[in-house]
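As a plain string of letters, each chain reads:
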Amino acid sequence: MTIAHVLGYPRIGADRELKKASEAYWKGDIDRQDLEAEGRELRRRHWAAQREAGLDLVTVGDFAFYDQVLNVSTLLGAVPARFGAEHEVARGEVDLDTAFRMARGRAPSGEPAAACEMTKYFDTNYHYLVPELYPRQRFQLASTRLFDEVAEAREQGHAVKVALTGPLTWLWLGKGRGDHAEAFDRLSLLDGVLEVYDQVLARLAAQGVEWVQLDEPALVQDLPADWKQAYERAYHRLQAAPLKLLLATYFGGLGDNLSLAVGLPVDGLHLDAVRAPEQVEAVVDRLLPHKVLSLGVIDGRNVWRADLAALRGRLVPLATRLGDRLWLAPSCSLLHVPVDLAAESELDDELKGWLAFARQKLDETVLLGRALGARLSADDEARLAEAGVALAARRGSPRIHRPAVAERLAAVRDADSERASPYVDRVRAQRRRLDLPLFPTTTIGSFPQTAEIRAARRAHKAGELSCADYEARMEAEIEGAVRRQEALGLDMLVHGEAERNDMVEYFGERLDGFAFTRFGWVQSYGSRCVKPPILFGDVARQAPMTVRWSERAQSLTDKPMKGMLTGPVTILQWSFVRDDQPRATTCRQIALALRDEVADLEAAGIQAIQIDEPALREGLPLRQAEWQGYLDWAVDCFRLSAAVAADATQIHTHMCYSEFNDIIGAIAALDADVITIETSRSDMELLDAFRDFAYPNEIGPGVYDIHSPNIPEVDWMVALMDKAAERIPVDRLWVNPDCGLKTRGWAEVEPALANMVEAARVLRRRH
Ligand code: GLN
Ligand code: ZN
């Protein structure tokens, strides 16, 4: 009998119950007991769903009030000193509010302190709290939550498998802090960490737990030699635990870590057979005869229904070979997909038939497991057949395949990604036309999304505000934004993006090939969720998407108005995309649609067009060897969107992260006339990469942090720009904030921008 299990289930709740409860707790609307009760209820429901679907084991340990990596930090007593939790650690129970303070800087009880850093978990859009590591750091078992949850699940009569981030991945995700943090060797802490893992495993064994899944996705990345050795050392030690260990790897193939992973003394190994199916054979050939192989065959990172018949064909020989040593699961935790398709009342049945969310993926896993057995009930046969029919329909559907899109893509030539002239020539045409001062000032695009704007959008969606009235409101907002920018004295204006709910959704709603869910929420961090569009078919633009707003805005002013688009890579990256063609192909289709928009904006008299690519960097593959291949097509897609612009049309782009060193060549290859970036918190040191590369085009290094409500001082911004001017020639520098201003209020935006404009004036006098 094939065991069916999951590496983890979404904890947020089908109706985002966890989000609502946590936020209510933080606000003081509910108390601790209520919050804990909601957590218990969600766990109960999620285990029940797993059991009901027919999984053989329910997974405990995937629940977190904020983040599963933070859970391990508290489990290990790794609470930075500034949170003043020594007594809690010594007592062996870090308080929930301490964990919340680590995550958010404050909680209903305890002193506020600087929150821990948050960053993306591998190549997902999920953010974890970065463990802070110090030389000679001590660890001790400092939370009983995991054990309590195990007891809870057992009381509910479940067969339990525990899931826990493995010790090496936890260290891998951590960062050295304090003096000499750069040189700090995280592995120096391994023994201390393992000591606590020993205790955790012993205690779980004493509770009667048979299997513990240790998540070690770091094994799909490039590991230095000492880390590989550390894996050997760690797992040789942990194998002494009186229970069975399942080593879980996902998000990619083991690659050069394959022998290492296969050889570790554990009782089972989980592979991602969706992202890296080719590794399965090699592992099976080398698997010791007592080990379990858990195959992640259902896609845990995407929303498509699985091709169960094809999987059955592939897996039957393996099942014959491995017998009940073969386990089945989704490729990774289902944390990364929405909860339940059944809630989607507004998606049409045909499209729904192509999809599977977390709850449906449980059923798929179980059904596939049964399909490998000797006999399938008539019911199961029918369900399998139904899946096959739906997939065949998807493969042939005219909603997905638009011949015109394929033809256009096939006709694209290299020259289509080239501007007519190189930057040195374009810049002359642009300066003649735009007539901007030295240190031109601009903003990144969005202005405050006020309560009135959001209320108008809600009323419009609910049918309470007519299209005409809604548009009139947005036009009034745009006019207000233009007037304010003129009064502030900015040089290049923006329309303010009032009409956009979200920078990807706005475009997806206007393009063929995208669908939107009502409840398709996926946890991004803590209580924050995103609802990515589903890109199911060939992408085509029926009509201009932004032109009327930009045109209207331009008509209100003599200053140049920047058109504002979301770039192809970012639209791709922040959507669930089709799995029936390469990502590069999908991205090219988006690029062509945007190219038409660029052409239309230009034809409407827009002289500068910004194509935002904040997600370019996060698309980087987990293995360095694959970076160049990705960057090649990603850069080409951007260029394909932009290159239709005439020389005199200035193409801007924007990115808001602070690591450019290793991708600066690709950034330069975008060949945007102007790039605006986040720099204010790096003291302009970020520009070293641009200087060292001799980055040839214009740069607007952000001069103030838009995440903070503080009003930046003139002198401070001047000083930052002076530092920028040490690195970049002054005639190629712009003055702008770090990012868009949609999350701020006008009361902060106006004085901040007034100071920024004043700073530019000071700079002009000086240079
Ligand atoms: N133009 C967008 C804005 O100003 C850019 C947002 C982003 O970089 N994420 O909001
Ligand atoms: Zn930004």
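Cut-offs used in this document
- Residues numbered from 1 in each chain as written.
- Chains lettered and ligands numbered in written order.
- Predicted model: local features only at pLDDT ≥ 70, side-chain atom pairs only at ≥ 80, totals over all residues.
- Heavy atoms only, no water.
- UniProt positions renumbered as here; feature names shortened; annotations may be inferred.
- Helix = DSSP H or I, 4+ residues; strand = E, 2+ residues; numbered from the N terminus.
- Buried < 20%, exposed > 50% of the residue type's maximum accessible area, 1.4 Å probe, protein only.
- Contact = heavy atoms within 4.5 Å.
- Near = heavy atom within 4 Å.
- Polar contact = N/O pair within 3.5 Å; in protein donor to acceptor, adjacent residues only side chain to side chain.
- Areas by Shrake-Rupley, 256 points an atom, 1.4 Å probe, with all protein chains shown as cover.
- Nonpolar A, V, L, I, M, F, W, Y, C, P; charged D, E, K, R; others polar.
- Pairing = 2+ DSSP bridges.
- Right-handed = clockwise from strand over helix to strand, strands pointing away.
- Donors = N, O, S within 2.8 Å, 3.2 Å for Na, K, Ca; no water.
- Tetrahedral: all angles 85-135°; square planar, octahedral: opposite > 155°, others 65-115°.
- Disulfide = S-S within 2.5 Å.
- Core = buried A, V, L, I, M, F, W, Y, C linked by side-chain atoms within 4.5 Å.
- Salt bridge = Lys/Arg side-chain N within 4 Å of Asp/Glu carboxyl O.
- Phe/Tyr/Trp six-rings, centres within 6.5 Å; stacked < 30°, edge-to-face > 60°.
- Lys NZ or Arg CZ within 6 Å of the ring centre and 35° of its normal.
- Axes fitted to C-alpha atoms, helices over the stretch in contact; angles between N-to-C directions.
- Parallel < 35°, antiparallel > 145°, perpendicular 65-115°, else oblique.
- Left-handed = near helix turned anticlockwise from the far one by under 90°.
- Arc of directions from axis to C-beta.
- Expected span 1.5 Å × (residues − 1).

Colleague: Any chance you could break down the UniProt feature "binding site: Zn(2+) 1" (unreviewed entry) in the protein chain for me, citing the residues and the numbers?
Modeller: Under the present numbering, the feature "binding site: Zn(2+) 1" (unreviewed entry) in UniProt falls on His654, Cys656, Glu678 and Cys739. Spanning 86 residues, the named residues form one tight spatial group whose C-alpha atoms are at most 8.7 Å apart. Looking at the secondary structure, you find glutamate 678 in the loop between strand E22 (674-677) and helix H26 (687-692). A residue is classified by how much of its surface remains accessible, and glutamate 678, at 9% relative accessible area, is buried. Not counting chain neighbours up to four residues away, the residues in contact with glutamate 678 comprise Met655, Cys656, Tyr657, Leu686, His707 and Asp738.

Colleague: Before we move on, could you go through the site of ligand 1 and cite the residues and values that matter?
Modeller: The environment of ligand 1 is made up of 13 residues, and the closest members are Ser446, Glu497, Asp612, His654 and Gly740. Between ligand 1 and serine 446 there is a distance of 2.7 Å, counted from an oxygen atom to a side-chain nitrogen or oxygen. Between ligand 1 and glutamate 497 there is a distance of 2.9 Å, counted from a nitrogen atom to a side-chain nitrogen or oxygen. Isolated, ligand 1 exposes 290 Å² of accessible area, and the fraction of that covered by the protein chains is 93%. A class-by-class count of the residues in the shell around ligand 1 yields six nonpolar, four polar and three charged.

Colleague: How would you explain the pairing of strand E8 (residues 211-215) if you had to name every residue and give the values?
Modeller: Working note: regular strand, side chains alternate between the two faces of the sheet. Most of E8 sits out of view: five of its five residues are buried. Side chains Trp211, Gln213 and Asp215 project from E8 onto one buried face, and the interleaved Val212 and Leu214 project onto a second face that is buried too. Pairing of strand E6 (residues 160-165) with E8, which is carried by five bridges, proceeds in the parallel orientation. Pairing of valine 162 across the sheet is with valine 212, part of E8. Sheet topology note: the E8/strand E9 (residues 244-248) ladder contains five bridges and is parallel. Residue pairing across strands places glutamine 213 opposite leucine 246, the latter belonging to E9. At this point the chain moves from E8, through helix H9 (residues 225-238), to the parallel E9, and the crossover so formed is right-handed.

Colleague: Give me the lowdown on the coordination of the zinc ion (ligand 2), citing residues and values where you can.
Modeller: The coordination sphere of the zinc ion (ligand 2) contains the protein donors His654 (NE2), Cys656 (SG) and Cys739 (SG), at a distance range of 2.0 to 2.3 Å. Classification of the site at the zinc ion (ligand 2) as tetrahedral follows from its four donor atoms and the range of 89 to 122 degrees in their angles at the metal.

Colleague: So, the state of the cysteines: which residues are in play, and what are the values?
Modeller: Per the counting criterion, the structure on display carries zero disulfides. For cysteine 529, which is in no disulfide, the shortest distance to another cysteine sulfur is to cysteine 332 and amounts to 17 Å.

Colleague: Give me the lowdown on the nonpolar core, citing residues and values where you can.
Modeller: Among the nonpolar cores identified, the biggest contains 105 residues, and Ile667, Phe690, Tyr704 and Leu753 are the most heavily contacted of them. The contact partners of leucine 753, leaving out residues within four places of it in the chain, are Thr443, Phe447, Leu488, Leu490, Tyr704, Pro737 and Leu741. Within the second largest apolar cluster, 97 residues are counted, among which are Val60, Phe139, Leu260 and Leu295.

Colleague: I'd like to hear about the pattern of salt bridges, residue by residue, with values.
Modeller: Applying the stated rule across the entire model yields 72 salt bridges. Glutamate 117 serves as the salt-bridge partner of arginine 177, at 2.9 Å between the closest nitrogen and oxygen. Pair noted here: arginine 177 is in the loop between strand E7 (175-176) and helix H8 (190-206) and glutamate 117 is in the loop between helix H5 (96-104) and strand E3 (118-120), with a separation of 60 residues, a long-range link. With relative accessibility at 22%, the residue arginine 177 sits in the partly exposed group. The structure contains a network of salt bridges with shared partners spanning Glu471, Glu475, Glu479, Arg483, Glu486, Arg548 and Arg552.

Colleague: Residue-level account of the side chain of threonine 249, with values.
Modeller: Summarising the element assignment, threonine 249 is placed in the loop between E9 and helix H10 (258-263). Beyond its immediate sequence surroundings of up to four residues, threonine 249 is in contact with Glu216, Leu219, Val220, Leu254, Leu269, His270, Leu271, Asp272 and Ser331.

Colleague: Which residues make up the packing of aromatic side chains, and what values go with them?
Modeller: Here the distance between the centres and the angle between the planes together describe a pair of aromatic rings. This model, assessed by the stated rule, comprises 20 aromatic pairs. For the ring pair phenylalanine 63 and phenylalanine 65, a centre distance of 5.0 Å and an interplane angle of 85 degrees mean the geometry is edge-to-face. Across this residue pair, the class does not change: phenylalanine 63 and phenylalanine 65 are buried. Centroid distance tyrosine 121 to tyrosine 128: 6.0 Å. Interplanar angle 75 degrees. Geometry classified as edge-to-face. Taken together, Tyr121, Phe122, Tyr126, Tyr128, Tyr250 and Phe251 form an aromatic cluster joined through their ring pairs. Of note, arginine 510 hangs over the ring of tyrosine 506, and the distance from its end group to the ring centre comes to 3.7 Å. Its guanidinium or amino end placed over the ring of tryptophan 549, arginine 548 lies 4.3 Å from that ring's centre, counting from NZ or CZ.

Colleague: Describe unusual backbone geometry, listing the residues and the values that go with them.
Modeller: A positive phi is found at arginine 16, a non-glycine position, where the angle reads about 55 degrees. Among the secondary structure elements, arginine 16 is positioned in the loop between strand E1 (3-4) and helix H1 (17-27). For arginine 16, a relative accessible area of 19% translates into the label buried. The backbone of alanine 694 sits at a positive phi, close to 55 degrees, despite the residue not being glycine. With respect to the helices and strands, alanine 694 occurs in the loop between H26 and strand E23 (698-701).

Colleague: Explain the sheet that holds strand E13 (residues 493-494) to me, and be specific about the residues and the numbers.
Modeller: Spatial ordering of the open sheet is given by E13-E18-E20-E21-E22-E23, a layout of six strands whose pairing is parallel. Each of the sheet's edge strands pairs with one partner strand only, and the pair in question is E13 and E23. Bridge count between E22 and E23: four bridges; the pairing is parallel. Residue threonine 676 lies in a different strand from E23, and its bridge partner there is glycine 700.

Colleague: Lay out the packing of H1 against helix H2 (residues 32-53) with the relevant residues and their values.
Modeller: Two numbers describe how H1 lies on H2: the axes approach to 9 Å, and their chain directions differ by 170 degrees. Of the possible angle classes, the one that applies to H1 and H2 is roughly antiparallel. Residue-level contacts link Glu17, Leu18, Ala21, Ser22 and Tyr25 of H1 to Arg32, Leu35, Glu38, Leu42 and Arg45 of H2.

Colleague: Outline the UniProt feature "binding site: Zn(2+)" (unreviewed entry) in the protein chain, listing residues and values.
Modeller: Mapped onto the present numbering, the UniProt feature "binding site: Zn(2+)" (unreviewed entry) falls at His654, Cys656, Glu678 and Cys739. Relative to the helices and strands, cysteine 656 is located in the loop between strand E21 (650-655) and helix H25 (664-669). In contact with cysteine 656, other than residues within four places in its own chain, are Pro614, Glu678, Asp738 and Cys739.

Colleague: So what's going on with the packing of helix H19 (residues 467-488) against helix H28 (residues 746-766)? Residues and values would help.
Modeller: Relative orientation of the contacting elements H19 and H28 amounts to 35 degrees, with a least axis distance of 9 Å. Once H19 is placed against H28, the crossing between them reads as right-handed. Contacts between H19 and H28 involve Ala481, Arg484 and Leu488 from the first element and Trp746, Glu750, Leu753, Ala754, Val757 and Arg761 from the second. Counted by class, the contact of H19 with H28 contains six nonpolar, no polar and three charged residues.

Colleague: So, helix H11 (residues 279-286): which residues are in play, and what are the values?
Modeller: Turning to H11, its buried residues number three or more, namely Gln279, Val280, Val283 and Val284. The buried side chains of H11 occupy one side of the element, clustering within an arc of 130 degrees when seen end-on. Each element contacted by the buried residues of H11 is listed here: H10, strand E10 (268-272), strand E11 (292-298) and helix H12 (308-322).

Colleague: Could you give an account of helix H15 (residues 378-396), with specific residues and numbers?
Modeller: Here H15 contains 19 residues, and its C-alpha end-to-end distance of 27 Å stays within 8% of the 27 Å for a straight helix at 1.5 Å per residue. Among all positions of H15, only Asp380, Leu384, Ala387, Ala390, Leu391 and Arg394 are buried. Buried residues of H15 fall within an arc of 120 degrees about the axis and therefore sit on the same side. Facing away from the buried surface of H15 by more than 90 degrees, the exposed residues are Ala378, Val389 and Gly396. Structurally, H15 contributes buried residues whose contacts are with H12 and helix H14 (358-371).

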